[in-house]
Amino acid sequence: MIPYIHLGKSAFADFRRNKTRSLLTALGITIGVFSVVVLISLGLGLKNYIQQQFESLGANLIIVLPGSGFGGQGFGQGLIGGAKFDEKDVVDLKRVPNVDFITPAFMKSTFAEEGGEKFAVTLLGIDTDAFKLMNLELLTGKEFSRSDNEARAKNVVIGYSLSENLFEAPQRALGKSVAIEGGRYKVTGVVKKKGDNEVDNGVFVPYKTTFSSLNPDKTFFAIHLGTEEKENVEGVKKGAEEVLLRRYDEDDFTVSEQSELLGTFNQIFSVINIVLVAIASISLIVGGIGIMNIMYATVTERTKEVGIRRAVGATQDDILVQFLSEAVILSSLGGVLGLILAGLVVLIIRFFFPASMNILSVVAAITISSAIGIFFGVFPARRAAKLPPIEAIRYE
Amino acid sequence: MIKLQNVKKTYLLGDEEVHAVDNVSLEIKAKEYVSILGSSGSGKSTLMYLIGLLEQPSSGKIILDGKDVSALSDSQLSKIRNLNVGFVFQSFNLINKFTVFENVILPVKYAKEKLDFDPEARAEELLKKFGIEGRRNFFPNKISGGQQQRVAIARALMMSPKILLADEPTGNLDSKTGVDILNILESLNKDFGVTVVLVTHEHDVAKRTKRQIYIKDGKLVGKYL
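Residues numbered from 1 in each chain as written. Chains lettered and ligands numbered in written order. Predicted model: local features only at pLDDT ≥ 70, side-chain atom pairs only at ≥ 80, totals over all residues. Heavy atoms only, no water.

A.B. asks: Now, about the sheet that holds strand S2 (residues 16-28) of chain B: what can you tell me, with residues and values included?
C.D. replies: All names here are of chain B. Ordered by their spatial adjacency, four strands build an open sheet running S2-S1-S4-S5, and the pairing between neighbours is antiparallel. Each end of this open sheet is capped by a strand with a single partner; those strands are S2 and strand S5 (67-68). With five bridges joining them, strand S1 (residues 2-13) and strand S4 (residues 59-64) adopt antiparallel strand pairing. Within the sheet, the bridge partner assigned to glutamine 5 lies in S4 and is lysine 61. (Pairing = 2+ DSSP bridges. Helix = DSSP H or I, 4+ residues; strand = E, 2+ residues; numbered from the N terminus.)

Below is the structure:
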């Protein structure tokens, strides 16, 4: 076995002689590793983000959604088709044993205006139980009441960021009014900052209030149920399904626990992530082909060197190992560079999005780039090893 | 020390068979100073590569120290070459990306067994012996042809080989430097007992050796024609 130091020295002596070429070749792998690592980090970040969002929801939550949903025939179909829930469903579900809290949820993206300024908001038509079910704690003011809902009072609770945007400070928002789609609503409370864009820029309206103009169909996107005791979750789920089956087909609705939903979301995003990473991996293969190409050129250029080494006692294996190690060093250097760049980019992304890098992506990046070096380096290296010594030494 | 028995080396040049070395038998004894003399294309270099085990015969036997080495594997032959054979070439054949010192010490990198000498000290000693210790850290393309050939000889002697094979070692040098190199080879044989085989097409060069082997069209002939 040739000493490793000699292999490294020989490789670097060669890279120095062909700086630009070596750099460009390594760059192929750099780009590949960079894209793979960044995508894995984004995927991980997304997963963590969703997890956090779910954790911020209240416990023992059961969500009724339209469509056969996330479990059966696919994500899109579940959201597009299915039942449109109405007040009768809410009344029916309230009768299910052990349902301690219930709220319908009407959701709409719209704008809130005040003093000539306009902000994008998420409007949620809900019942008072929602504050408990969705863990919405008030920073100031008070929730709207059940009688506000019944009376279709134009009272609203708004999110923290929106209160700052509209009124500069949450405290100043109380008692003020805000215009949404032509109607004026009075702010009775502000929700504590949650770090969730939909809540922080949310407008929470009594659901019956939305019936007048915002939600003329009087339908809901979802119904949230809650139960005090964890052991009742299964029972409530079953009861809700039975109730809904009286009105709808099996495929038209889905009753899920929070944890099931989380699992489904994770599954979906994992698949998306795998597909993205697979696409990015193509660039790694292209990088590998670049290495192979350069190594073939190197072998031809250094034919005489091979001959000289053979004359002084190098075996075919020694030559193979030499060229193979050069390919591996080149591609690993590219890999490490890609990893460092990806690390920097992930650090920057973290200001906007909770991307995260784990030890797995680091190990994977280094292993994959070395493996590419071996795989794409072995053919040129074999060619070098098989060169007849005499022809090699006479090569000009 | 090394014997060739009915050795043939045949190449295919297109469809035509070329007998580069044709039924050659010869013996080179330890501590001999021999030249192989022949014109261009006579097969003298091929013969030298066969003796140096860099080439394997198409037929016939090569016997080194009583052992038939003509059918050994690549790694076995490489090991024997590493330990027993030193090559000196017409065009020096140094590796340009390595310094003079790194070139001299190169054979050590391919030694398969533990060495009984300190390679660095030996390399330094050889550089000194050939008066090129001042060029230790120079790259080959920064030194003169004569100095490059001395580096090549130092490299060939690094593993203290039994036989030194020199293929037209003066071919790329002016006559004065050529003579210097021949003096070195001669002294290696005379003063240090190294077996030297000199391949050349020049009568004057061959005349300096104690024995001349003439080759023409791949065959040994009685005298140079």
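A.B. asks: So, helix H4 (residues 87-94) of chain A: which residues are in play, and what are the values?
C.D. replies: All names here are of chain A. Within the span of H4, buried status applies to Asp89, Val90, Asp92 and Leu93. Looking straight down H4, one finds its buried side chains confined to an arc of 165°; they lie on one side. The inward-facing, buried residues of H4 abut strand S1 (61-66), strand S2 (101-114), strand S9 (222-226) and helix H11 (232-245). (Buried < 20%, exposed > 50% of the residue type's maximum accessible area, 1.4 Å probe, protein only. Arc of directions from axis to C-beta. Contact = heavy atoms within 4.5 Å.)

A.B. asks: Describe in detail helix H3 (residues 100-109) of chain B, supporting the description with residues and values.
C.D. replies: Most of H3(B) is tucked away: eight of the 10 residues are buried. All buried positions along H3(B) are accounted for by Val100(B), Phe101(B), Asn103(B), Val104(B), Ile105(B), Leu106(B), Pro107(B) and Val108(B). Against helix H1 (4-17) and helix H13 (303-311) of chain A together with helix H2 (74-84), helix H4 (119-129) and helix H5 (145-157) of chain B lie the buried residues of H3(B).

A.B. asks: Residues and numbers for the pattern of salt bridges, please.
C.D. replies: Inspection of the entire model under this criterion finds 34 salt bridges over all chains. Put simply, Glu305(A) and Arg309(A) hold a salt bridge, and the shortest N to O gap is 2.8 Å. Here Glu305(A) and its partner Arg309(A) are both found in helix H13, four residues apart, which amounts to about one turn of the helix. Just as Glu305(A) is buried, Arg309(A) falls in that class too. The salt bridge involving Lys9(B) is made with Glu55(B); its shortest N-O contact spans 3.8 Å. Residue Lys9(B) is located in strand S1, and its partner Glu55(B) is located in the loop between helix H1 (44-51) and S4; the two are separated by 46 residues in the primary sequence. Each member of the pair, Lys9(B) as well as Glu55(B), is classed as buried. Salt bridges sharing partners connect three or more residues here, namely Asp14(A), Arg302(A), Glu305(A), Arg309(A), Glu326(A) and Lys97(B). (Salt bridge = Lys/Arg side-chain N within 4 Å of Asp/Glu carboxyl O.)

A.B. asks: Account for the packing of H3(B) against H5(B), naming residues and giving values.
C.D. replies: Residue and element names in this part refer to chain B. Where H3 contacts H5, the two axes come as close as 7 Å, and the packing angle between them is 30°. Of the possible angle classes, the one that applies to H3 and H5 is roughly parallel. Between H3 and H5 lies a crossing whose hand is right-handed. Facing H3, whose interface residues are Val100, Asn103, Val104 and Pro107, H5 presents Val151, Ala154 and Arg155. Taken together, the residues of the contact of H3 with H5 sort by class into five nonpolar, one polar and one charged. (Axes fitted to C-alpha atoms, helices over the stretch in contact; angles between N-to-C directions. Parallel < 35°, antiparallel > 145°, perpendicular 65-115°, else oblique. Left-handed = near helix turned anticlockwise from the far one by under 90°. Nonpolar A, V, L, I, M, F, W, Y, C, P; charged D, E, K, R; others polar.)

A.B. asks: So what about the sheet that holds strand S3 (residues 33-37) of chain B? Which residues, and what values?
C.D. replies: Residues and elements named next belong to chain B. The strand order across the open sheet built from six strands is S6-S7-S8-S3-S9-S10, with neighbouring strands paired in mixed fashion. Of all the strands in the sheet, the pair left with one neighbour each is strand S6 (85-88) and strand S10 (219-221). Put simply, the sheet's adjacent strands are angled 25° from each other on average, direction ignored. Taken together, the three bridges between strand S9 (residues 211-216) and S10 define a ladder with antiparallel strand orientation. Bridge assignment links lysine 216 to a residue of S10, and that residue is lysine 219. Running at roughly 160° to strand S7 (residues 163-167), H1 makes contact with S3, S6, S7, strand S8 (195-200), S9 and S10 of the sheet.

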